[in-house]
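Chain and residue survey
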Amino acid sequence: MGTHPLDLANYILILLGFVLVGAGPYIAYRTLKDIDSKKKAGEKLTLQQGGSHALNFVIAILFLFAGVLFVVNNLKGNPLA
């Protein structure tokens, strides 16, 4: 299980991994900001809004995890073919 030289495709996927790593916390931040703005306005969250926010947090965690895996996997230089 050795490493392989990095190709252009590996660098592109590493960059995509960093984008995903950054997108995860950003999605969580925007979701928390929306919850806070609704709380300050005195609105109560509906069941649909609560489910949407929960789904946003799940997506944020998955983006973060996938981004880390993209970076680690492609830094090893795994062949894409």
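Here we summarise the structure given alongside this text. (Residues numbered from 1 in each chain as written. Predicted model: local features only at pLDDT ≥ 70, side-chain atom pairs only at ≥ 80, totals over all residues. Heavy atoms only, no water.)

On the surface, a nonpolar cluster with roughly 420 Å² of combined accessible area is contributed by Leu-55, Val-58, Ile-59, Leu-62 and Phe-63. For Val-58, the position within the fold is in helix 2 (residues 47–75). (Patch = residues over 30% accessible without salt bridge, like charges linked within 9 Å, V, L, I, M, F, W, Y side chains within 5 Å. Areas by Shrake-Rupley, 256 points an atom, 1.4 Å probe, with all protein chains shown as cover. Salt bridge = Lys/Arg side-chain N within 4 Å of Asp/Glu carboxyl O. Helix = DSSP H or I, 4+ residues; strand = E, 2+ residues; numbered from the N terminus.)

Each full turn of the α-helix corresponds to 3.6 residues, which orients residues three or four apart in the same direction. Under the 1.5 Å per step criterion, the end-to-end length of helix 2 is 42 Å for 29 residues, consistent within 8% with the ideal 42 Å. Listing the buried residues of helix 2 in full gives His-53, Ala-60, Gly-67, Val-71 and Asn-74. The inward-facing, buried residues of helix 2 abut helix 1 (8–40). With its phi angle positive at about 75°, Gly-77 sits one or two positions after the end of helix 2. (Expected span 1.5 Å × (residues − 1). Buried < 20%, exposed > 50% of the residue type's maximum accessible area, 1.4 Å probe, protein only. Contact = heavy atoms within 4.5 Å.)

Locating Ile-59 in the fold gives a position in helix 2. Measuring from C-alpha to C-alpha, the distance between Ile-59 and Ile-27 comes to 8.1 Å, with 32 residues separating the pair along the chain.

Another aspect to go through is the pattern of salt bridges. Once their charged atoms are close, side chains differing in charge can pair, the charge on each being opposite to the other. Applying the stated criterion to the full structure yields 1 salt bridge. We note a salt bridge from Lys-40 to Asp-36, for which the minimum N-O separation is 3.5 Å. Highlighted residues: Lys-40 and Asp-36, both in helix 1, separated by 4 residues, approximately one helical turn. The class for Asp-36 is partly exposed, based on a relative accessible area of 35%.

Here the focus is the packing of helix 1 against helix 2. Packing of helix 1 against helix 2 leaves a shortest axis separation of 7 Å and a crossing angle of 160°. Relative to helix 2, the element helix 1 is oriented roughly antiparallel. Where helix 1 crosses over helix 2, the two elements pack in a sense that is left-handed. (Axes fitted to C-alpha atoms, helices over the stretch in contact; angles between N-to-C directions. Parallel < 35°, antiparallel > 145°, perpendicular 65-115°, else oblique. Left-handed = near helix turned anticlockwise from the far one by under 90°.)

The next thing to look at is the environment of Thr-31. Topologically, Thr-31 is positioned in helix 1. For Thr-31 and Ala-60, which are 29 residues apart along the polypeptide, the C-alpha to C-alpha distance reads 9.7 Å. The contact partners of Thr-31, leaving out residues within four places of it in the chain, are His-53, Asn-56 and Phe-57.

The first and last C-alpha atoms of helix 1 sit 48 Å apart over 33 residues, in line with the 48 Å expected at 1.5 Å per residue. For helix 1, every residue scored as buried is listed here: Asn-10, Ile-14, Gly-17, Leu-20, Gly-24, Ala-28, Thr-31 and Lys-38. Of the surrounding secondary structure, the elements contacted by the buried residues of helix 1 are helix 2. Looking at the residues trailing helix 1, positive phi occurs at Gly-42, about 80°.

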